[in-house]
Each structure stands twice: as C-alpha cells, then as structure tokens.
Amino acid sequence: MTRTVAVVGASLAGLSAGRALREQGFDGRVLLIGEELHAPYDRTPLSKGFLAGTCPREDLDLVREDDTPLDFEWILGQRAVGLDPRGRSLRLAGGREIRADGVVLATGARARRLAGQGSLSTGSLSGVHVLRSLEDAVALRSDLRAGKRLVVIGAGFIGAEVASTARGLGVDVTVIEALPVPLEGPLGSAMGGVCASLHADHGTRLLTGTGVASIEGHDRVTAVRLLDGRRLPADVVVAGIGSQPNVEWLEGSGLDLHSGIATDARGATSIPEVVAVGDCGAPWCETAGRHVRAEHWTHALEQPAAAVAALLGTNAAPSHRVPYFWSDQYGVRIQFAGTRSLDARLRVVEGDVDSRSFLALYERGEVPVAILGMNQPRLFTRWRRQLHAAATV
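Here's a quick rundown of the structure.

In terms of regular secondary structure, the chain is built from seven helices and 26 strands. Taking 21 Å as the expected radius of gyration for a compact globule of 393 residues, we find that the chain reaches 22 Å, a close match to that expectation. C-alpha atoms of the chain, sized along the principal axes, occupy 60 × 55 × 40 Å. Counting across all 393 residues of the chain, residues that qualify as buried make up 51%. Sequence-distant contacts, at least 24 apart, represent 60% of the contacts inside the chain between residues at least 6 apart. Between the centroid of the 42 positive side chains of the chain and the centroid of its 44 negative side chains there is a distance of 2 Å.

This is how it looks when you write it as structure tokens:
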C-alpha cells in the first residue's frame, strides 16, 4: 500500500494535491517539497493588488488554519534535481534523497526571460523584470513610481495586468506586442481587439505587429529598441512573454517532457504511482486531440483531485470541468470559459462591446463551446454552468 506520498512543488497545485490526499482518505505521510522558502501563496494578486500596494503580504497565504490537522511535512527551500523512476526516489539539490511510494509532480512553471545573448542580453541591467514569484513582485513594485516610463513586452494577461496596475500608479506605460492582435490565440481576433482597446481607454500606448530588437542601458535600462527601428525611452521594462514548465530536472526519468509532463486525462504519467498536476503537467485533452498545458488558477485548484484519485487507485475518472480563467484590467473583469475552436462562430448575446459590458458566445453550429464575459459576472456564471453540464454529459 502507498504509505508515503511526496508532493514536489509547494504552490497552489501542490497544496491542492495534499488536501485531496487527505480528503480521499489517505492517512500516510504527505511530504510537501518546495524550492521557495515561502509556504504556498496566491500568485494571482502579484500583478494586481499586491503590485499596487493594496493587498498586504499576509493576504497571499494559501495555508489555512484548518490545514493544520492534515499533518503535512514541509520541506521548503529545497529544489528537486532528480527522479529515479524505478524506486520513486527523489534527489534534492543539497544531496538529500527521499524515497516515496507515490509522487505528485507539481513544480509549476517559471517566467520566460528575454534571450540571454546578443542585443537582447540584459545581464545585470537593473530595471528589467519578469513577474512570477513574490520576490519578482516586490522588486517590480519598488521600481514603479508615478512619472516613470514603463515598457511592457507582451500584451498577454500578465502584461496587460501589469500595464493596468502601473497606469493606476501614475506610470507612463507602453505595451509592445509582436502579434497584430493581442490575445488572438485564446479569444480570436475580434475579441482580442476588444480587450486591446482597454489600453487606449486608459491612456496606455499599445504597439502591435513589431518585436524588440535590443534593450539599451549601462547599469540601468534606458530604452527599448524595436525591430521597426523605433526607440522607446524606458526607466522600467517588464517581459511578459510567457512561461516555461519546470521539467528539466526530470530529463532521463523516462517521462514524456515534450510540452510539459505528458499525462492522461486524469494526470497519470507513464510511470506507475507518479502523477503530474498544475502548470508543469500537460494532460491529454480529448477535444483538442493533444496534450494541453493549462496555466490557470482554477486548473491548479481543481485538477489535482483527479490525479490523486488516479494515484490512489480510487475514483480515477478525469474532471470534466471546462477550462476557465479571468483577468482584471483597468477596473474591468474579463472572464473566459471553454475552448475556442477556429471554426467557432462568435455572437454577442448581452450588452455591447463599446460599453465594455457584454457576454459573447463561441458556437459550433448551435452548440456553445466557449464564452467570454466582460463585466457580466452573473450572466457569465450561468453560462459557465451550462458549459460544464454539457461537458459532463
């Protein structure tokens, strides 16, 4: 019988896996191993309230008082560097070896940085940031002052949220996006354009269809040079250009690491008694016909329950919850659920896009496959339930 489970990664997905183990009746040892010194904390406010100074540090904590009876053993400030698939033995950076009957891989992802060579090399240049960890947010917050010039590279959700927060602090903001339309991948060009218009509504410059050629400066960043030749003076730069799963330490283990840790729809890997959850996992998605790595808060919260069931050999049915994410930008709540297909027809069923308050359906034939809401939380919730019910059936 499984008597010791090691959860590698002490963030939301790892903590959710630990809770799921206890909720599903596991009474053995649960080790939560984390590279950061911090106990699990919520990353979603880092680009919003915490960055703005309105969300105190203690409000980020995810460990609750009612977690104490769960009797987790915490091993923090320790990075996993190897997995022996035969004995399910973990090797930590300090040389410690941990043997376990079951392993939950929850090592998450890290922010993708600008290329480290040539004209995009930033070296030790101060004022250049990414945003993923608490330390990243603290460092960026100290640089954002009214009147400063911020250039955000990447108009995805992190980049847009940082731009929104910085504008609220009185910072002059320019956002650079290589694609013609921001967020075109998840939302399509029409709705991506509507979300992009929020920047102009609030005085943020958005430059699309061009990339970054170089970062200029000596000790501190002074400008960003674009591929089209334009030079943007900058006191602060934030790269919001995506993330990379933390899976390199698993090379040689026999796991499929092509797009994260490939698993079945439940979260089970090709190694018995080893499952993967959260941002580092790439579970099989039947509707997409491929492994899909989801990087959203709800996925990290909900998916570990199915993976733990697979690990324990109990009710191992995959979750049928539809993908869901949200973003707060310039005082506007953007919510999206489902999976947009390229052949989906877009239809606004409530409100209008010019008022920045509407709900839109993505439909294949007469069947809704995704929904997008902007400042329509109640109506969005009702439609999200319908999508979930349809997926369950």
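What follows picks up the thread again.
Pairing within the open sheet is parallel, and its five strands lie in the order S3-S2-S1-S7-S19. The outermost strands of the open sheet, each flanked by one partner alone, are strand S3 (73–76) and strand S19 (274–276). Strand-to-strand twist of the sheet, defined as the mean angle between neighbouring strand axes without regard to direction, takes the value 15°. Here strand S1 (residues 4–8) runs beside strand S7 (residues 102–105); their pairing, made up of four bridges, is parallel. Bridging across to S7, Val 7 finds its partner in Val 104. Most of the contacts of helix H1 (residues 12–23) go to strand S2 (residues 29–34), to which it runs at about 175°, and overall it touches S1, S2, S3 and S7.

With respect to topology, five strands assemble into an open sheet ordered S22-S23-S26-S25-S24, the strand pairing being antiparallel. Edge positions in the open sheet fall to strand S22 (324–329) and strand S24 (345–352), since each of these has one partner strand only. The sheet shows a mean angle of 15° between the axes of neighbouring strands, direction not considered. Inspection of the sheet shows S24 paired to strand S25 (residues 357–364) by seven bridges, in the antiparallel sense. Opposite Asp 352, over in S25, you have Ser 357 as the bridge partner.

Following the criterion strictly, the structure yields 26 salt bridges and no others. Residue Asp 67 is joined to Arg 64 by a salt bridge in which the shortest nitrogen-to-oxygen separation is 4.0 Å. Take Asp 67: its relative accessible area is 5%, and that puts it in the buried class. A salt bridge links Asp 172 to Arg 205; the shortest N-O distance between them is 2.5 Å. Remark: Arg 205 occurs in strand S12 (residues 205–208) and Asp 172 occurs in strand S11 (residues 172–177); sequence separation between them is 33 residues. For Arg 205, a relative accessible area of 39% puts it in the partly exposed group.

With that settled, consider the environment of Thr 314. On the secondary structure map, Thr 314 appears in the loop between helix H6 (297–312) and S22. Overall, the relative accessible area of 43% leaves Thr 314 in the partly exposed class. Measuring from C-alpha to C-alpha, the distance between Thr 314 and Gln 24 comes to 8.5 Å, with 290 residues separating the pair along the chain. Here Thr 314 is in contact with Gln 24 and Ala 309, once residues within four sequence places are set aside.

We now examine the pairing of S7. With burial as the criterion, each face of S7 is covered, one bearing Gly 102 and Val 104 and the other bearing Val 103 and Leu 105. Two strands pair when backbone bridges link them, and S7 and S19 are joined in this way by three bridges, in the parallel orientation. Directly across from Leu 105, in S19, lies its bridge partner Ala 276.

Bringing the packing of aromatic side chains into the picture now. What the rule picks out here adds up to seven aromatic pairs. Aromatic pair Phe 336 and Tyr 362: ring centres 5.7 Å apart, planes at 70°, arrangement edge-to-face. Taken together, the positions of Phe 336 in strand S23 (residues 332–338) and Tyr 362 in strand S25 put the pair 26 residues apart, joining distant regions of the chain. As far as the burial class goes, Phe 336 and Tyr 362 line up, both buried. Through a chain of ring-to-ring contacts, the aromatic side chains of Phe 157, Phe 325, Phe 336 and Tyr 362 assemble into a single cluster. Above the face of the Tyr 324 ring, Arg 384 is positioned so that its terminal group lies 3.8 Å from the ring centre.

Rules used in this analysis
- Residues numbered from 1 in each chain as written.
- Predicted model: local features only at pLDDT ≥ 70, side-chain atom pairs only at ≥ 80, totals over all residues.
- Heavy atoms only, no water.
- Helix = DSSP H or I, 4+ residues; strand = E, 2+ residues; numbered from the N terminus.
- Rg over C-alpha atoms; globule rule 2.2 N^0.38 Å.
- Buried < 20%, exposed > 50% of the residue type's maximum accessible area, 1.4 Å probe, protein only.
- Contact = heavy atoms within 4.5 Å.
- Lys, Arg positive; Asp, Glu negative; His and termini not counted.
- Charge placed at Lys NZ, Arg CZ, Asp CG, Glu CD.
- Pairing = 2+ DSSP bridges.
- Axes fitted to C-alpha atoms, helices over the stretch in contact; angles between N-to-C directions.
- Salt bridge = Lys/Arg side-chain N within 4 Å of Asp/Glu carboxyl O.
- Phe/Tyr/Trp six-rings, centres within 6.5 Å; stacked < 30°, edge-to-face > 60°.
- Lys NZ or Arg CZ within 6 Å of the ring centre and 35° of its normal.

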